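# Coordinate inspection notes
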Amino acid sequence: MSDAAVEVSDLVKSYGRVHAVKGLSLLARAGEVTALLGPNGAGKTTTVEICEGFRRADSGSVRVLGVDPAAADSEWRSRVGVMLQTGGFYPGARAGEMVHHLAALARHPLDPDALMERLGLSSVRRTACRRLSGGERQRLGLALAVVGRPELVFLDEPTAGLDVQARRATWELIGDLRASGVAVLLTTHAMDEAERLADAVVIIDGGTVVASGSPRELTRGGAEGQLRFTAPTGLDVTQLLGALPEGTSAVEQPPGSYLVRGVIDPALLASVTAWCATHGVLASDVKVEQRTLEDVFLELTGSELRR
Amino acid sequence: MTTPTPAVPGLDLSPSPAAAPMSRMLVAQTLLELRLTLRRGESVLLTLLIPLALLLFFSTVDVLPEGSGPPIDFLVPGVLALAVLSTSFTGLAIATGFERSYGALKRLGASPLPRGVLLAGKTLAVLGVEVLQVALLVAVGFALGWNPGGSTAAGVSMVPATLLLLVLGTACFAALGLLMAGALRAEATLAAANGMYLVFLMLGGIVFPLSQLPSAVARVAELLPAAALAEGLRDVLTGAGMPWAKVVVLAVWAVLAGLLAARTFRWE
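Nothing here was measured: the structure is a model prediction, and the numbers come from that model.

### Description of the overall build of chain A
Check the secondary structure of chain A and you find 11 helices and 13 strands. C-alpha extents for chain A along the principal axes are approximately 75 × 45 × 35 Å. Scored against the burial criterion, the 307 residues of chain A give a buried share of 51%. Put simply, of all contacts in chain A between residues at least 6 apart along the chain, 67% involve residues at least 24 apart. Put simply, chain A shows about 13300 Å² of open surface, and 48% of that area lies on carbon and sulfur atoms. Put simply, chain A has 32 plus and 38 minus side-chain charges, and the middle of one group is 8 Å from the middle of the other.

### Notes on the overall build of chain B
Each helix and strand counted, chain B has 11 helices and 0 strands in total. Listed by position from the N terminus, the elements making up chain B come as α-α-α-α-α-α-α-α-α-α-α. Structurally, chain B occupies a C-alpha span of about 90 × 40 × 30 Å along its principal axes. Every one of the 268 residues in chain B was classed for burial, and the buried ones make up 50%. Split by element, the accessible area of chain B, about 12000 Å² in all, is 73% carbon and sulfur. Distance between charge centres in chain B, computed from 15 positive and 13 negative side chains, equals 13 Å.

### Thoughts on the interface of chain A and chain B
Facing 50 residues of chain A, the contacting portion of chain B comprises 43 residues. Contact between chain A and chain B buries roughly 4100 Å² in total, counting both sides, with carbon and sulfur atoms accounting for 59%. Sorting the residues of chain A by area buried against chain B places Tyr90(A), Leu105(A) and Arg149(A) first, and these three jointly supply 19% of that buried surface. Lys106(B) is the partner of Glu49(A) in a salt bridge, and the nearest nitrogen-oxygen pair spans 2.6 Å. Considering only residue class, the side of chain A that touches chain B consists of 24 nonpolar, 10 polar and 16 charged.

### As for helix 11 (residues 293-301) of chain A
Along helix 11 of chain A, the residues classified as buried are Leu293(A), Val296(A), Phe297(A) and Thr301(A). End-on view of helix 11 of chain A: buried residues confined to an arc of 100°, all on one side of the axis.

### A short note on the sheet that holds strand 1 (residues 4-15) of chain A
Residue and element names in this part refer to chain A. Here 3 strands make up an open sheet; going across it, the order is 2-1-4 and the pairing antiparallel. Since the sheet does not close on itself, it has two edges, and those belong to strand 2 (18-29) and strand 4 (59-64), each with one partner. The average angle at which neighbouring strand axes cross in this sheet is 15°, direction not considered. Relative to strand 4, strand 1 runs antiparallel, the two sharing 5 bridges. Residue pairing in the sheet places Glu7 in a bridge with Arg63 of strand 4. Across the sheet, helix 1 (residues 44-51) touches strand 1, strand 2 and strand 4, and the angle it forms with strand 1 is around 120°.

### Re the environment of Gly225(A)
Residue and element names in this part refer to chain A. One can find Gly225 in strand 10 (residues 224-230). Considering only alpha carbons, one finds Gly225 and Glu289, 64 residues apart in sequence, at a separation of 6.2 Å. Filtering out sequence-adjacent residues up to four positions away, Gly225 remains in contact with Val260, Arg261, Gly262, Ile264 and Glu289.

### Some remarks on the packing of helix 10 (residues 225-237) of chain B against helix 11 (residues 244-264) of chain B
All names here are of chain B. It is the contact of helix 10 with helix 11, at a shortest axis distance of 9 Å, that shows an interaxial angle of 145°. With respect to the hand of their crossing, helix 10 and helix 11 are arranged in left-handed fashion. Residues Pro225, Ala228, Leu229, Glu231, Gly232 and Asp235 of helix 10 touch helix 11, and the partners they reach there are Lys246, Val249, Leu250 and Trp253. The residue inventory of the contact of helix 10 with helix 11, partitioned by class, reads 6 nonpolar, 1 polar and 3 charged.

### Description of unusual backbone geometry
Residue and element names in this part refer to chain A. The omega angle of the peptide bond from Gln253 to Pro254 is -5°, so this bond is cis rather than trans. Checked against the element boundaries, Pro254 lands in the loop between strand 11 (249-252) and strand 12 (257-263). One non-glycine residue, Leu65, adopts positive backbone phi at about 55°. Looking at the element boundaries, Leu65 is found in the loop between strand 4 and helix 2 (74-79).

### Considerations on the domain arrangement of chain A
With domains assigned, chain A is organised as domain 1 (4-213) and domain 2 (221-291). Placing a centre on the C-alpha atoms of domain 1 of chain A and another on those of domain 2 of chain A gives a separation of 45 Å.

### Remarks on the confidence of the model for chain B
Taken residue by residue, chain B gives an average pLDDT of 90. The fraction at 70 or more is 94%. When the criterion is pLDDT under 50, residues 1-7 of chain B qualifies, and its contacts beyond four places in sequence or with other chains add up to 6 contacts.

### Looking at the sheet that holds strand 5 (residues 80-83) of chain A
Residues and elements named next belong to chain A. If you walk across this open sheet you meet the 6 strands as 5-6-7-3-8-9, and the pairing is mixed. Each edge of the open sheet carries a strand with a single partner, namely strand 5 and strand 9 (208-213). Averaged over all pairs of adjacent strands, the angle between strand axes in this sheet comes to 15°, irrespective of strand direction. Bridge count between strand 5 and strand 6 (residues 152-156): 4 bridges; the pairing is parallel. Across the sheet, the residue bridging to Val82 is Phe154, located in strand 6. Strands strand 3 (33-37), strand 6 and strand 7 (183-188) of the sheet are contacted by helix 1, whose axis makes an angle of about 135° with strand 3. Strands strand 3, strand 6 and strand 7 of the sheet are contacted by helix 6 (residues 164-179), whose axis makes an angle of about 145° with strand 7.

Cut-off values and rules
- Each chain carries its own residue numbering, running from 1 in the direction its sequence is written.
- Ligands are numbered from 1 and chains lettered from A, in the order in which they are written.
- In view of the model being predicted, local features appear only for residues whose pLDDT reaches at least 70, and side-chain atom pairs are presented and counted only at 80 or more, with totals across whole chains, interfaces and linings using the full set of residues.
- Here the side-chain values reflect all heavy atoms present in the structure, with hydrogen atoms and water set aside.
- Secondary structure elements are defined from DSSP: runs of H or I of at least 4 residues count as helices, runs of E of at least 2 residues count as strands, and each element is numbered from the N terminus.
- Each residue gets one of three labels from its accessible area relative to the maximum for its type: buried under 20%, exposed over 50%, partly exposed in between, using a 1.4 Å probe on protein chains only.
- Should any heavy atoms of two residues lie within 4.5 Å, those residues are counted as being in contact.
- Values of accessible area rely on a 1.4 Å probe in the Shrake-Rupley scheme; residue burial ignores everything except the protein chains shown.
- Counted charges follow a simple rule, with Lys and Arg positive, Asp and Glu negative, and His plus the chain ends left uncounted.
- By convention, the charge on Lys lies at NZ, on Arg at CZ, on Asp at CG and on Glu at CD.
- Values labelled buried area give the accessible surface lost by two parts on being combined, using a 1.4 Å probe and summing over both.
- Salt bridge, as used here, is a side-chain nitrogen of Lys or Arg placed within 4 Å of a carboxyl oxygen of Asp or Glu.
- Think of it as three bins: nonpolar holds Ala, Val, Leu, Ile, Met, Phe, Trp, Tyr, Cys and Pro, charged holds Asp, Glu, Lys and Arg, and polar takes everything else, Gly as well.
- As used here, the arc belongs to the directions running from the helix axis to the C-beta atoms.
- For two strands to be treated as a pair, DSSP must find at least two bridges joining them.
- Only the stretch in contact is used when a helix axis is fitted, and all axes are lines through C-alpha atoms; the angle between N-to-C directions ranges over 0 to 180 degrees.
- Left-handed is the label given to a crossing in which the near helix is rotated counterclockwise from the far helix by less than a right angle, and right-handed is the label when the rotation is clockwise.
- Either an automatic procedure or a domain database provided the assignment from which the domain bounds are taken.
- Note on scores: pLDDT gives the predictor's confidence for each residue, bounded by 0 and 100.

This is the structure:
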């Protein structure tokens with residue numbers, strides 16, 4: 001496919017006896033943000049570092065901009081922007097010097113000062129890199145990744161440790177990159193980040209893909225949902241179920257709080273309230289709860305996404 | 001759904017990838033390395049002030065043994081060797097060790113900069129600092145009455161052999177420094193590089209001759225690169241002829257350390 005920036009299939013990578021990646025496949029396209037979502041140790045960074053050419057795959061096929069990253073040359077590197085998870089600067093260099101230096105390595109770079117202003121780094125231009133705060137280092141790493149105007153950027157946990165404003169500036173820049181036709185592949189374990197930024201989400205756990213799709217597809221998957229309401233204790237739940245479609249379940253738990261699970265659509269909501277009306281029951285706090293990516297993740301992996 | 005925010009004027013994020021010309025990358029890398037080296041206080045102390053202080057101290061305080069000619073003839077070659085040692089070994093090893101631990105080398109590995117150009121930039125920066133050191137030390141030497149070969153013409157004729165030894169010494173010590181920095185933690189490199197600096201200073205025939213050492217120690221010291229460089233420079237600059245044995249010692253160290261460094265150097 002012409003707009004495929006990253007194509008990985010059946011990727012396998014072990015470190016000694018530890019199987020970090022076990023047959024992983026993914027696709028990232030130009031003009032889209034693809035999020036690799038997973039807990040620590042899921043294999044996200046290993047996968048990304050293989051795509052960046054830092055590590056070699058044991059087996060499987062990896063094509064980044066049509067090239068095997070293990071055979072990367074200078075020209076390929078200029079097409080790929082990389083944000084490292086930690087560090088990535090000369091300790092004694094000033095932040096501005098680092099951005100200007102990476103710009104000097106590219107033929108048509110962004111204006112380093114405008115980029116730093118955009119990321120809220122203007123005030124630390126003359127600060128030694130080793131004295132930057134964690135959040136400033138993160139944004140410096142992002143600036144270094146994009147200053148050469150690459151067509152694909154890898155961002156490893158781009159907003160880890162950022163305050164709200166810095167996170168917003170980062171999100172906006174990522175949105176602009178996408179709008180400019182850049183392919184963005186980022187890793188995160190922040191649900192809201194994947195939900196808000198990504199066109200495609202690839203959920204990874206234990207070195208394999210457990211689900212992928214757009215955030216909407218993933219959260220709508222199976223159309224399962226739940227409806228919760230509060231009413232007097234001791235309602236006849238079995239009788240309520242009789243008024244609802246097959247495959248629906250209902251429990252009172254805790255007393256006075258009722259939970260209906262199944263395909264929650266307008267008709268079902270109407271049936272529940274109609275049954276309450278015929279039995280003279282006033283239901284309050286009626287709430288339809290949709291699945292979030294976090295729910296999807298918990299169902300798929302049974303583990304917590306955040307540390 | 002979010003709508004794309006218009007790009008800030010002057011910040012066109014649309015892809016336009018291309019590596020800068022190789023020559024521009026080399027210039028940028030060399031200048032950055034030079035600036036960073038000259039900015040580090042400890043590196044200026046190590047590379048400029050200590051050799052200069054030793055030259056001034058030992059040329060005015062008479063502690064050298066009698067009968068080996070004017071002290072300045074002995075001292076200038078020694079401090080020139082020390083200058084090479086401090087820049088290409090101690091300074092390079094410490095800086096590279098910390099760059100590695102801060103991910104600078106990994107970062108550059110992900111940029112269009114080829115590794116060869118990175119190493120060339122580092123080498124040119126080392127040579128640039130050495131030019132400064134040599135100019136300063138030779139000028140001070142002249143001011144203190146140093147007159148190699150006894151005439152300008154004789155002095156000039158010594159230049160090619162001197163440069164050969166300086167370059168060979170640089171290659172040898174840079175390989176040793178990179179070997180250490182590429183294998184050890186930054187903190188361990190810092191300690192070891194300073195420790196070896198002291199060992200080389202004492203056993204290198206730099207401020208006092210090897211003949212002052214116990215003979216067993218002297219025999220080992222002769223095989224170390226510091227003594228080979230210092231005594232080799234001294235042979236050339238006192239008109240004792242081309243010290244081929246010392247050239248061989250330096251070359252063997254350079255090749256061995258270079259091969260080992262190339263095999264073991266870890267960029268992360």
